[in-house]
Every structure is written in C-alpha cells, then in structure tokens.
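Structural overview for review
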4 protein chains.
Amino acid sequence: MPDKTPEDILADASAWWDTSIIDVQPGKIAIRGYAIQDLIGHVGFADMIWLMLRGELPTRGQAALLEAALVPGVDHGPHAPSIAISRMAVTCGLPVNGAMASAINVLDDVHGGAGQQCMALYRAIDAEAGPGGDLVAAATAIIRRQREAGDKIVPGFGHRFHPVDPRVVPLFALVDQAVAAGHASGHWARIGHAVEEALKTVTGRAIPMNIDGITAVIFCELGFEPELGRGLFILSRSVGILAHAWEQKQRGRRIMGPMPKDIPYRYSGPPLRPLPDRADNA
Amino acid sequence: MPDKTPEDILADASAWWDTSIIDVQPGKIAIRGYAIQDLIGHVGFADMIWLMLRGELPTRGQAALLEAALVPGVDHGPHAPSIAISRMAVTCGLPVNGAMASAINVLDDVHGGAGQQCMALYRAIDAEAGPGGDLVAAATAIIRRQREAGDKIVPGFGHRFHPVDPRVVPLFALVDQAVAAGHASGHWARIGHAVEEALKTVTGRAIPMNIDGITAVIFCELGFEPELGRGLFILSRSVGILAHAWEQKQRGRRIMGPMPKDIPYRYSGPPLRPLPDRADNA
Amino acid sequence: MPDKTPEDILADASAWWDTSIIDVQPGKIAIRGYAIQDLIGHVGFADMIWLMLRGELPTRGQAALLEAALVPGVDHGPHAPSIAISRMAVTCGLPVNGAMASAINVLDDVHGGAGQQCMALYRAIDAEAGPGGDLVAAATAIIRRQREAGDKIVPGFGHRFHPVDPRVVPLFALVDQAVAAGHASGHWARIGHAVEEALKTVTGRAIPMNIDGITAVIFCELGFEPELGRGLFILSRSVGILAHAWEQKQRGRRIMGPMPKDIPYRYSGPPLRPLPDRADNA
Amino acid sequence: MPDKTPEDILADASAWWDTSIIDVQPGKIAIRGYAIQDLIGHVGFADMIWLMLRGELPTRGQAALLEAALVPGVDHGPHAPSIAISRMAVTCGLPVNGAMASAINVLDDVHGGAGQQCMALYRAIDAEAGPGGDLVAAATAIIRRQREAGDKIVPGFGHRFHPVDPRVVPLFALVDQAVAAGHASGHWARIGHAVEEALKTVTGRAIPMNIDGITAVIFCELGFEPELGRGLFILSRSVGILAHAWEQKQRGRRIMGPMPKDIPYRYSGPPLRPLPDRADNA
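Residues numbered from 1 in each chain as written. Chains lettered and ligands numbered in written order. Predicted model: local features only at pLDDT ≥ 70, side-chain atom pairs only at ≥ 80, totals over all residues. Heavy atoms only, no water.

**So, the packing of aromatic side chains**
- Scanning the model with the defined rule gives 14 aromatic pairs over all chains in all.
- Ring centres 6.5 Å apart and planes at 75 degrees place the aromatic pair Tyr122 of chain B and Phe157 of chain B in the edge-to-face group. Highlighted residues: Tyr122 of chain B in helix α7 (residues 114–129) and Phe157 of chain B in the loop between α8 (135–148) and α9 (168–180), separated in sequence by 35 residues. The residues Tyr122 of chain B and Phe157 of chain B share a single accessibility class, namely buried.
- Aromatic ring contacts, followed pair by pair, group Trp50, Phe219 and Phe224 of chain A into a single cluster.
- Taking the ring centre of Trp50 of chain C as reference, the NZ or CZ of Arg54 of chain C above it sits at 4.5 Å. (Phe/Tyr/Trp six-rings, centres within 6.5 Å; stacked < 30°, edge-to-face > 60°. Helix = DSSP H or I, 4+ residues; strand = E, 2+ residues; numbered from the N terminus. Buried < 20%, exposed > 50% of the residue type's maximum accessible area, 1.4 Å probe, protein only. Lys NZ or Arg CZ within 6 Å of the ring centre and 35° of its normal.)

**Notes on the sheet that holds strand β1 (residues 22–25) of chain A**
Residue and element names in this part refer to chain A.
- Strand order in the open sheet formed by 3 strands is β1-β2-β3, with antiparallel pairing between adjacent strands. What marks the edges here is a single partner per strand, and that holds for β1 and β3 (34–35).
- Examined bridge by bridge, strand β2 (residues 28–31) and β3 share 2 bridges and lie antiparallel to one another. Note that in β3 the partner of Ala30 across the bridge is Ala35. (Pairing = 2+ DSSP bridges.)

**Observations concerning the interface of chain B and chain A**
- Facing 90 residues of chain B, the contacting portion of chain A comprises 90 residues.
- Carbon and sulfur atoms make up 74% of the surface buried where chain B meets chain A, a total of about 8,000 Å² over both sides.
- Among the residues chain B hides against chain A, the three largest losses belong to Trp16, Trp17 and Phe45 of chain B. Together they make up 12% of the total.
- Seen at the junction of chain B and chain A, the total is 6 salt bridges.
- Linking Arg251 of chain B and Asp18 of chain A is a salt bridge whose minimum nitrogen-to-oxygen distance equals 2.9 Å.
- On the surface where chain B and chain A come into contact, there are 31 residue pairs in polar contact (both at pLDDT 80 or more).
- It is helix α12 (residues 226–251) of chain B that contributes the most residues to the side of chain B that touches chain A, 18 residues altogether. (Contact = heavy atoms within 4.5 Å. Buried area = accessible area lost by both parts, 1.4 Å probe. Salt bridge = Lys/Arg side-chain N within 4 Å of Asp/Glu carboxyl O. Polar contact = N/O pair within 3.5 Å; in protein donor to acceptor, adjacent residues only side chain to side chain.)

**Notes on the relation of the copies chain B and chain A**
- For the pair chain B and chain A, the superposition axis carries a translation of 0.0 Å, the fit reaches an RMSD of 0.0 Å, and the rotation angle comes to 180 degrees. This pairing of chains is accounted for by a two-fold axis. Considering only C-alpha atoms, the residue of chain B closest to the rotation axis is Ala101 of chain B, which sits at 2.1 Å.
- In this assembly, 100% of the residues forming the interface of chain B have copies in chain A that are likewise at the interface, indicating an isologous arrangement. (Least-squares fit on C-alpha atoms with pLDDT ≥ 70 in both.)

This is the structure:
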C-alpha cells in the first residue's frame, strides 16, 4: 500500500470498526441517536432490545407483545442441554459468565433454531402464496415438497414431550389482542393457522403449534428477521441459564457429569487387547 | 454400591438433577410454582428475571428499578472486547449463538466483574460499620487498607474514558425516587455516597461513581447477591452483543481481525535463525 | 412408559451414553481396547490423536505424516481472529481454558473451515472422475459449475496475504516421500495438482495451493473424513491460541479492545435526537 | 491526544498487538525466529508445543517426556463433564469447533485445575524447604497448615474413582528414565514422593499420587509454569473432546440432555400456586 498516507490508514481503521448502533465519546453515550440519559428510566428493557436490534423505538403495543414473547422461553428444565450444561459448568468451577457461554453456545440449529426455521417457513409460505394468495394451499404445497425431499420435521409444530403446549394459547390470545388493537397485521397468525390446517391435510392428524411456532408468529408480526428470532430466544433462555447456574453454585457440588456415577455408561468398543507390532519404521 | 436397588439408583439420579426453579411434566410447565399460562401476558420480562433468580415475584416498584438498571449496560461500543469479539466471531462464520457465547465468556473478573466487586465492597463497608455505624469512616478505613495492600482500584468509581459518566445521575435519581416511594431502603445509596466522600479524603480529589458503582447500589438495594450483579450485567450486555453480531453479519465481511491488515503488528521475538543441532537422542 | 422396569430404565440410561472409545472402570482405563499403561511411553501424541479419532493405531509412516501436518497450523499471528480473541480474552480476566474456548469457537466455516471444504472438493472431484477417470477434467468441470453458480472461492487455493505460501512446498515433499515409501497412495496429491491445473485453465492465471489445500491432501491421503480435517486444524491452532494467551497474560494489560483507544471507530448511525412521543398505550 | 501524529498513533497500534511468537510477512512465516519451512518435517508436534510456549526448542529427551505426558489425559469417559458437554453440544447442532469450545471452557479450576494447583503446591514445598532442605518436613508443614485452614483436598493425590490410578506407575518410570539420562533433575519427583510420605504421616493412611500429581511432577521437571500445566492438559483433553464429538455426530441423535427422559429430574420448589396480587403500582 505504498500510496496510503498514515491519515488514510487511520481513517480506514476507523471505518473497519464502523457501527450505526452506538456513539461513545468522552462524557457522551448515544444509542441509535438517543442520549443514554434520555433513555434511562423512560424506556423499558424490551424497548432497548428493539432499539438495539432495529434502530428505532417500538410503539408501546409492539414492545408489550415482544416482552410477552420473551417470558415463556426462559427455561425448560434441566433435561434441556442448555440448562444442563450451565449446571455442569458451574460444578467445574466456572463463574456465571463462563457457564452462560458454554450453554448459550449450544442454542444452535437443533436446540435453539426451531423458531428461526419456523420464521423462514412462514416467509416461504408468504412468498409462495403471493399477495392475497391462498395460504393453506401454499403451506400444503411447501410441506408436501419437504416431505417428498425426505424432511418430515415441520419446525414450530408438534412436541416430543408436551401433548398440548400450555404456552401457545395465552400467547396466541395476545397476538389476537395486538391485531385487534392495530399493533400487528394478523397476516403471520393466519399463516401459522394455515400450517396447522395443511399438516392435518398432509398427515391426517392434528399436529398443534408449539412454543417455537407461536413465537415465530409473534416475531414475524413484529417484523424481525428469522436470524433475530434465534437471537431473541437466546436473550430469553439466558435468564434460565443464569438462574440454574446460580442454583447449582449454591449447592457446592464438584464435577457433576451427566449421570450419577452409580449409573455406568455402556462401552461398546473392542475388548482389552495388546498393542500391535508396528513393523514399518518411517 | 452392592446394596442399592435399581429404584434407589433411579431416585438418586433424579435427585442429582434436582431443581426448585421449574417443574416440567407433559402438558405442564410451572416456574417457581406459577403455571406458565398464568405468567404469560401478566408479568414483564424483568419480573421473570427476578422470579427466576429469586424465587418470588418482585413488587412493581422493585421490577421497575431492576428494569431501569438493565437499560444502560447493553452496549459500550466496539472498543469493548465483548462487542469486538462478537463482531469478529460473525466474520468467521459463527451464527449468533456462537458469537454471543465467545463474547459473553469474556465478561469475567476484569471486563464484567466491576459491578460484582463493587457490591462486595459495599457489603464489606456495611459489615465494617455495623448497624447504625459511620459509613464514611468504614469506607475510608477499607479503602485505606486496600491501598496499603497495594490495590489502588476501587471498583465502581472513576472511569478511564468518561470524565463524568452520563449514566450515573439519571440512575441515582431513580434510586432516590424508589427510596421515597418505599421500594428501597436507601442504605446502599448512602454507602455509595460514603465511598465518594472517602475517596476524596484518601486521594485528595473527586473520583466520581461510574456505571458499575450505581448499578451496584441498585442491585444491593434490591437484595441481589454480588455474583448475580455480574449475571444481571451479562443479561444486559447480551443485547448489545447480539445487536453488533447482527449488524456485522449484514455487512458480509470475512475473517475480520483486530486491525485492518494495513496496520502491521509489532514482532519482538528473535530474528530469523537456523534450526539448532539437537545432539541428544532420547 | 408404564411397562419399563427400573432395570430397563437403567440399562437404557447406560446405553444413552454409549461409547466405543474408552472403557473406564475403577483401576482400569482402556482406550479402543488398549490399556492406558500399555500406551504410555509406547505411542506418541500423534498416534493417540489417530487412535482416538479412528479406532486403530496408525502405522509409523501414517503417524509421521499426520504429525508433520499438525506443525504449520499452530499460528498465523495476532491478525487472525482466533489469536486476537485469545489475547483479548486474557485481558478481560479469563484463565487459559476460557480464552481457548472463546477463540476455538470461531474456527468455524469461514476461519477454520477451508481445509474441510477443500477435502470435500477433492472428494467431489474423485467422485466426478470415477475410478481411473480424468482428474483435471473433473476438477475443471466442478470449478466451472461453481463459478457459474456465482461462487468464485476455491477453498485451499490462493491466499489473500501470501503470494507464495512457504508451508506448501515442504509439506508436499513429505507427501511425495510418504507415497514413495508406500504410506500413502498419491491419489489425493494428484487431485490437488489437478485443481491447480484446472484453475489455470478456468481463470487464465496460476492460483497456487495454500496451507489448507496441502493439509487437505494429507488428511485425504490418510483417510480422514472432511469434518475431522477441521478438528485436526483446531488441535493444531489450539497450540498457538494457548501460546498467545500465555504471552498476553504475562504482560498484565487490562481490557484490550481491537484497537488502541487513540484510534476511534466510525459511528454511522443517526445524529443525537430527542426521544419520540409514543402516543399509543398498550 | 492533541500532540500525537498519525505516525505515532500507527506505531502505538502496532505495539499494542506486539508479539514475540510469530513474524508473518507476505511470503514469510517465522516462529520464534525459525522459518516455518525449516520446522516442517524436522520437528515433532510436541517440539512445536514447547517452542510456542517456551520460545526455544526442547532437547529430544525433554520433548519425549512432554509427549508421554500428553498421552494419558486425552479422555476419561463420558461421565467427565468436558466429554459429556462435547457430546451434548453435537446433538444440539454444533460443529466440532463449537462443541470443543463449550467443552474446553469447563476445564476450569475444579475440573481442569488440579494439575496446575499441584504444580503450585510442589513449588510452595520447594520454597518452604529452601536449597537442600528437608522436603518431607516442608510438605508436612504445608499440608498441616492447609488442613488447619479447613482445606482437606491435596491436589494431585487420591482419586474419587480409581483406588490405584493405572497411569501413574508408567509415567513415573519415564521420569526416572529421564532423570537417569540427564533430561530432568529429579528434584520435583522427590517432592512428589515427599507429599505421599507427608500425607501418610498427617492422615495415617496411604493417599497415592494420581494422574494430576504425576503430570505435575513431569511439567515441573520440564520447567513449565503452573498455569501452563492447565494449558497442556487442555491440549491433551481436546483430543478426547474431539473424538467424542465425532463419535456422537455419527449417531445422529438430536438434543441429548444429561439423562434419558425416562429418568425424571426431581423438582423441589413450591407446589402450583396462583399469581399474587401485587398492590403497589410503581
């Protein structure tokens, strides 16, 4: 870079770390253009989450719906890997930041991605149907194509544990209220119902919407991108990950594995054998 | 364990993963005894954080103060390692869960621990003063002892960047309001002020309270343990970590290191040299 | 599960954690059937890596080639995000395990995946050519198809930094020696050369093999699956991540961001603005 | 910084990322002063680990002893949290880098720190005894003081699982050989034996050295700092973490928690209760 001046290089370095989120100067902190002292005490935590992720403040109705959707995801018990890892990590000596890191990391495609995948499905149905199109027909077509391609899992619908997910009805009621109050369009709620109908047609039985399906409806109604659906779930589940880390820490146990040592794991490899003679000498 | 029956072993295994936080059964999710369908739409996200961490719901006044304290910690710009790591991680191909994990992990003693340490300091002052004791005298004594032991950093006071931290005044006003409304005792706010006075006496100059000092006041007023002070900060900063990951992802850059490659790092090791002859043959 | 006996449940629990890698009993540790006391002092670290990942011990020639391939990946300087994150993490207070975790995490598709992707490319060429087929023709066809689909990056070839990668020639010489000694077939080395030829044909210029391309040749010659190519690179780079964490720790710096604070980042968001009036009251 | 020129700022930025480990320039990679092309094929992986961490190449005898000490730590079965987390992480959808990150993170004070703590104990005994001093007396004094302070755990001695640790005898034999060959002083081996004698005196029973105790002897004999003892253990265990991740990945299971869902966890919190009436309205 022979013709770059030091001034050019410095400018490039500043641009390299460009952000539109926060402006920090000595004595000044402004988030998306709002002075931090104006925000403190005047906006809620859900408002801040929205402002940080979207660039503008939500209406109060949008914030209330977002906040309600953050409540039920906080925990699903120690059988969930994210919770179990947090508790195990603490017994290995980690502080809460470390336990949270190891646990949040596993909220990936399979354990934390169903909401994001469901949002993508809803968008695909929206695109397939086109403006004013038949949502049930679009959902049916997409689900049929997926099944023909060998993929039988429809993210956001059915649950391996709960026959009926107790989180769905109250959340859907909030969506309906938000639609009635003009805070949401209801388009994505209709798509959610369309998937339920399509599943009944395709499979011959009722496969009800689960927590991922209804939060996907909410996050789509609120205009979030699918990948942020995963991010919002992580913000929610982080609360449970922290709470379980803290409960475990107070119990003082050391090096807690997945099962008590009374329950042996099964070894399925070769029986004891001598080292081979490795004749070649490289 | 020859005399344990299979039933005993199973009961021990269940007890090994005991929790008082959540009861999950098919069709039932209860958090701290509250059915999830009762919580959804009726409690806020800050209420849930409190319920998960403390076991009971907060009063509305407590929840409002907690919520206000979660707002300002969300971000401090890409110069903060937690934010920088999140952005770099995304350019390496990580999804948001992975970026958040690598970033949250570094909110350890130095980068994320000042609030927790400040809460411990406030508690030490409280214990040193005793009931009704002189808080300034206690603060002065403890700070003097720390300095004599060679430790000049008082967590929660002073800032390497902001001459006056714009987040402190509005948060302190909320504490005063909460005290006036009976939601907080004001004891820990007095301890915070006592540290400021003590610092002036000991160092001869004003070292104002920073964001860690005022959130430590709030979390102490609300009855949180110091380690949860770190946990609450992580919940707050996670929002910024996610927002920066998302902004970076939309820019599409690949493998972003700490500085543009125009700025070389300094190498201070030995100059180029030949491999030595290693005579011994073990 | 009403008809499962406690014995059944315990057996299922053991099976749930089944492994063919290690058998641990009180006083006994056997890895892939070999008693640990037989392994200690009789096999090298590269042998152990192979045994753990493949189930059998390598020949000495295979082990020597694997070991050589683990040497050059250990480090590529602090501009690499994996190394930078390790150093930053230490300045936040993390011990070496935490620094290594945050850093290793980012060795994902973009920063740590080129070797794996290159192995997948070699396999695709092998499949395209078929037994005894024309490797250059197959490589050319695949690269052309990729470019037509808009993907111009050929993993393992070219380098944004090194005009000629000094690691390639000596590693290729070791492959040639291994082939001459009968430790490797040479088939994957021919595929690597075929890609170089194909790239010259397709692009009109020489795009030489880089470190990912030659280690992909080696790991394919040794029979590793592509995903283990990434795993082996991580084992190698972990050494550099640890070394840089340790060097940084000895320097005692606190909270090191990506650039010194003399270099400001650029803020590209909205200018300072007042909070909006949010009329709706949900 | 009004009087800093752009040149000054750039120089400071380069210095901020100073390293003595690696010099990377276009076409040149030198580690600790050795050209990478000189190292490839001429030094082993254990040599590289030593060079990266210590700055110089080891003798062949030192490298052989280090390599032997890296072999037994690779794995201790899926009951170890580090291994269990790796396997669980894979079933959540993580690639091997993510699984390794979440798992390596927990190799902290309790699960991964015994070797480091044992090295610190050996050094404390060395300092207590002074040159030519009575090592058993020093060990006894230190262990007595620890027990009087309430700490009964002596890191590196005793095992909650193995009555006799099968890894200790063969590793100690290698230390004795290295001492006989002049590759090690034997001073730290004597300290290790002194701890065993002191424990017998203090507790009245034999508490044999375990794997952490013998690797601590080796790493002290080789001149490593205690914190690097943890780092070396991590490099070793990373192999097992990767191998188990890979084995689990091939089995295709989804979202594997700590126990099969047939084994319920125990819930010990309050029974189901209605939401309280929260009268205060902040």
